There are 2 protein chains.
Amino acid sequence: MTVSLISRYKKLLEKAKDTVILQTTTSIIHWDMETMMPPKAIDHRSQQLALLSQIEHKLSTNPEIGKLLNEIMKHPEYDRLDNIQQRNVYLIKKEYDEQIRLPEDLVSRTAKQKATTIDVWKKAKANKNFSILKPELERLLSLKKKAAEILMKVKETSTSYDAMIDIYEPKMSSETISKIFGDLKEGLISLAGECETAKKQPDVSILKRQVPIRIQRGISNSIAEFVGYDVKSKEAGGRIDETEHPFTIGYYDDVRITTHYYEENFTSALFSTLHECGHALYDQNLNPELMFQPVGTGCSMGFHESQSRFVENIIGRSREFWLYFLPRLKMLTGRILSNVDLDAFVFAINQVKPSKIRVEADEVTYGLHIIIRFNLEQDLFGDKITVRELPEVWNQNYKDYLGVDIKNDAEGVMQDTHWASGLYGYFPSYTLGNIYSAQISAALEKDKLDWRNQIAQGNFLEIRRWLTKNIHTHGKIFEPSVLLKTVTGEELTVNPYLNYLNQKYSLLYNF
Amino acid sequence: MTVSLISRYKKLLEKAKDTVILQTTTSIIHWDMETMMPPKAIDHRSQQLALLSQIEHKLSTNPEIGKLLNEIMKHPEYDRLDNIQQRNVYLIKKEYDEQIRLPEDLVSRTAKQKATTIDVWKKAKANKNFSILKPELERLLSLKKKAAEILMKVKETSTSYDAMIDIYEPKMSSETISKIFGDLKEGLISLAGECETAKKQPDVSILKRQVPIRIQRGISNSIAEFVGYDVKSKEAGGRIDETEHPFTIGYYDDVRITTHYYEENFTSALFSTLHECGHALYDQNLNPELMFQPVGTGCSMGFHESQSRFVENIIGRSREFWLYFLPRLKMLTGRILSNVDLDAFVFAINQVKPSKIRVEADEVTYGLHIIIRFNLEQDLFGDKITVRELPEVWNQNYKDYLGVDIKNDAEGVMQDTHWASGLYGYFPSYTLGNIYSAQISAALEKDKLDWRNQIAQGNFLEIRRWLTKNIHTHGKIFEPSVLLKTVTGEELTVNPYLNYLNQKYSLLYNF
């Protein structure tokens, strides 16, 4: 390879590295906003975030990047760059082509509007008053739509909403999602019906026993230890904090999760910690050689959610996990749970019951919450509904899909932060993640890794190593569809997920 | 005023605003590093800080700033800009002229080296082993010296060390400091001698009573409440965290302090909280109209320290404060301090005793710790001593000035973070702050504000208002010497400080 190609490639990567480092810095600032920031600073913070996004936009649209890309891609020896190098070039070019078309002003206005809208959303939700949120949400959505229309042309997607999806799940289309969600919907509704009408029903009263928050913190730490997410040692690369809504942020050696402890609902924090640990393991176990390169990050949000949902649901809600962990939980909680029976507990944490709140939904009805949001996002971006109409349409959908009556918008359309955070196109990732996670666990079994047995013995290490080797370490080297095929040998298919659910719940509910 | 002058001035301020916002962002990242960051992230963090400093350097050397400055300053109607506007232009020009001469590479290498050196300092201090720190400190000092030599030419100071001082105390020179420290040294040594040989001596055993950290946190909150530093309400603009070394960072609506709780030395956190609260009040009570402008920050570090030391010492170690606060302290600590006598307590917290650790020093010997550091910094920048020689010279100085034997470098030359953080030229600020604080309290009295009586009644509000009106609100509109003259009617003089000390300690020690 000629020196000029290598040196240009290195120069290009240096530029990309700055962008990555600025992004990880912005993450910390976001994290601080959610966890530590004095409330008075919100306006100041929104200006900081706007400036950071402006600078990031400037860094990633530096004309020198365009020049280097051009020189590298037209270089006669371009093909001698290896796969990873070519992928880095591709990812930088994709970002560059997109960002260069987004006006700087749009970028910084969006960042400011996002911070404001999140803040107003919190107040509106606390006051159960959508009308406070409405004007801000309209402004934010309008900015997002503008960006989506620009991105649609660059990304050559068939709708502007598809351009949003592509941000989180590259190359995925709303058409594919519609098809797969269609199959899923039938399966979920039918399964939910069977569970609801089954004779055998769980006793969930044990889940309402009061567990002091001090003890719940200990449970979270114990879970972190179990999965190998270090938050305690002198070499720790993680930490657990408390926020209204749990999340994970981070990159390699600084990956932080949050949770929310409720005294009278201890499994909430327990499962959210398992969930966020799944994310954290992904970010921590990326290949260190790829750090600060564009390929050195998660493959897609769907894949990210596959990791969190694998740990939360497939592992965390399995009988095998509790065979190991219930005695530990009993030790940590003393008398509170001492008389709890394993099977009764496993049944209780897997109760299927249509509900209003997505993050509290069981595995079976969860997908329906997502399908509703996916349809609404499509309609918002397709100008079929307006922000003003959202609450009504939302409530009607919840009645139709889940049979529940939404009493106010705090438990309805305002329950999630996503739309107020501008994260349109993100929701499908959750269910794609569920579908991937079932395909992945089938692949684990095909690989003769008896994960159920391992978990029952309290051993998560082998599973984590398998996930790291087969998924984490590949970062963003492949498109999600390619990685899925590589790991599982299959295309995207809803069957393993429906099989997993049917098998699990027919056993639990005895039908 | 012509439109062109106004519009250029506004454009210039917009550019300067970005720099300020980036600086406040960097502050949060620094704060996070000291308080929350998982230890594994240190290298990543140093890269983030390096990038931020590089970007800040780029923002403040944007050629457009040079062009705007030129156009504004040569504008025929320049004189019609008001004082504050002209001061903003001056401050932007000063920063621009300096930064433009500092090579980008030097700036980012210094930022990286700083993060590394702080990290290594922590380890070296824990291991009481200066040789671990030495090479990193040499590298950092050498980078700092390079910058100082460049800055010396721009700032037209007579030595490179003076260029460092000017960063923290604009227009102050090492010559002036030497003179004033000379007077001070005589006074302090003589006063310390009188206290040491006095018959009446305090019983400090009461200060060693064990106070659980949970209770100490309550004391800190109570102090914050007393001075009006809001860390609790829904409108709070502050917070208190725990770090090895207490500090304050922040800007207007997000000003954070830290402290360190020692179970067997409860007054350590108590006085450090008072100290940092003094800083916090300054930053919180700047004139909101000046926010994000170059004038919208503290006048100098000396003035900043004047506020912290006023609250910590003049207020916090006064009999009047404890007349009010001791009953509260007793309430918070229950039986632990119930039998403590007011005068015995006030005497104990004002014990004069030469010691090894600056931050634990009493008011009388404190200045000697600073004078030693000031002399060593002068010698380091004057190439009269090397980093290698520091420990020996340090120990000899401590023997000569304070009569104490330093047993290891952790309690010697490595006790402070400043040199490992690259903060050369900062130390004199502490003692200048003490001197200013005494001049300020004399001015308070001249203004007929009977602060002793106010404090005794638990009323800090009037004093705070006076400080805000006379100092905080002026931000950086004036040079420190001008602000001092405006507030106190006097030039810099050591007499009020020595008078204050002599009066206070002759009363306490009865000589």
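Residues numbered from 1 in each chain as written. Chains lettered and ligands numbered in written order. Predicted model: local features only at pLDDT ≥ 70, side-chain atom pairs only at ≥ 80, totals over all residues.

Considering the interface of chain A and chain B
So, point 1. Across the boundary between the two partners, chain A contributes 29 residues, which contact 29 residues of chain B.
So, point 2. Contributions of two or more residues to the side of chain A that touches chain B are made by helix H1 (3-35), helix H2 (42-60) and strand E1 (238-242) of chain A.
So, point 3. Of all the elements, H1 of chain A adds the most residues to the side of chain A that touches chain B, at eight residues.
So, point 4. For the side of chain A that touches chain B, the per-class residue count stands at 14 nonpolar, seven polar and eight charged. (Contact = placed C-beta atoms within 7 Å. Helix = DSSP H or I, 4+ residues; strand = E, 2+ residues; numbered from the N terminus. Nonpolar A, V, L, I, M, F, W, Y, C, P; charged D, E, K, R; others polar.)

Side note on helix H12 (residues 319-333) of chain B
Residues and elements named next belong to chain B.
So, point 1. Along its 15 residues, H12 runs 20 Å from first to last C-alpha, staying within 8% of the 21 Å computed at 1.5 Å per residue.
So, point 2. At Phe325, H12 is deflected by roughly 45 degrees, the largest bend along its length, and proline Pro327 occurs up to four residues later in sequence.
So, point 3. Its buried side turned inward, H12 meets helix H9 (213-227), helix H11 (301-315), helix H13 (342-349) and helix H17 (451-456).
So, point 4. Just downstream of H12, Gly334 is the residue with a positive phi angle, here 60 degrees. (Expected span 1.5 Å × (residues − 1). Bend = angle between axes of the 7 residues up to and from the residue.)

Some words on the nonpolar core
So, point 1. Core analysis: the biggest nonpolar cluster contains 266 residues, and Cys277 and Val364 of chain A together with Cys277 and Val364 of chain B have the highest contact counts within it.
So, point 2. With sequence-adjacent residues up to four places away left out, Val364 of chain B is seen in contact with Leu188, Leu191, Ala192, Cys195, Val352, Leu501 and Tyr505 of chain B. (Core = buried A, V, L, I, M, F, W, Y, C linked by C-beta atoms within 7 Å. Buried ≥ 20, exposed ≤ 12 C-beta atoms within 10 Å, placed from the backbone.)

Quick word on the domain arrangement of chain A
Residues and elements named next belong to chain A.
So, point 1. What the domain assignment reports for chain A is domain 1 (3-156) and domain 2 (175-509).
So, point 2. Taking only C-alpha atoms into account, the centre of domain 1 sits 27 Å from that of domain 2.
So, point 3. Each partner contributes to the interface: domain 1 provides 34 residues, whereas domain 2 provides 29 residues.
So, point 4. For the side of domain 1 that touches domain 2, the secondary structure elements donating two or more residues are H1, helix H4 (83-101), helix H5 (104-126) and helix H6 (130-155).
So, point 5. In terms of residue count, H1 provides more of the side of domain 1 that touches domain 2 than any other element does, 11 residues in total.
So, point 6. Its residues assigned to classes, the side of domain 1 that touches domain 2 comprises 17 nonpolar, seven polar and 10 charged. (Domains from an automatic or database assignment.)

A word on the relation of the copies chain A and chain B
So, point 1. Of the transformation superimposing chain A on chain B, the axial component is 0.0 Å and the angular component is 180 degrees, with the fit at an RMSD of 0.0 Å. Taken together, the rotation and translation describe the operation of a two-fold axis. Rotation axis and chain A: the residue whose C-alpha lies nearest the axis is Ile29 of chain A, separated from it by 3.6 Å.
So, point 2. In this assembly, 100% of the residues forming the interface of chain A have copies in chain B that are likewise at the interface, indicating an isologous arrangement. (Least-squares fit on C-alpha atoms with pLDDT ≥ 70 in both.)

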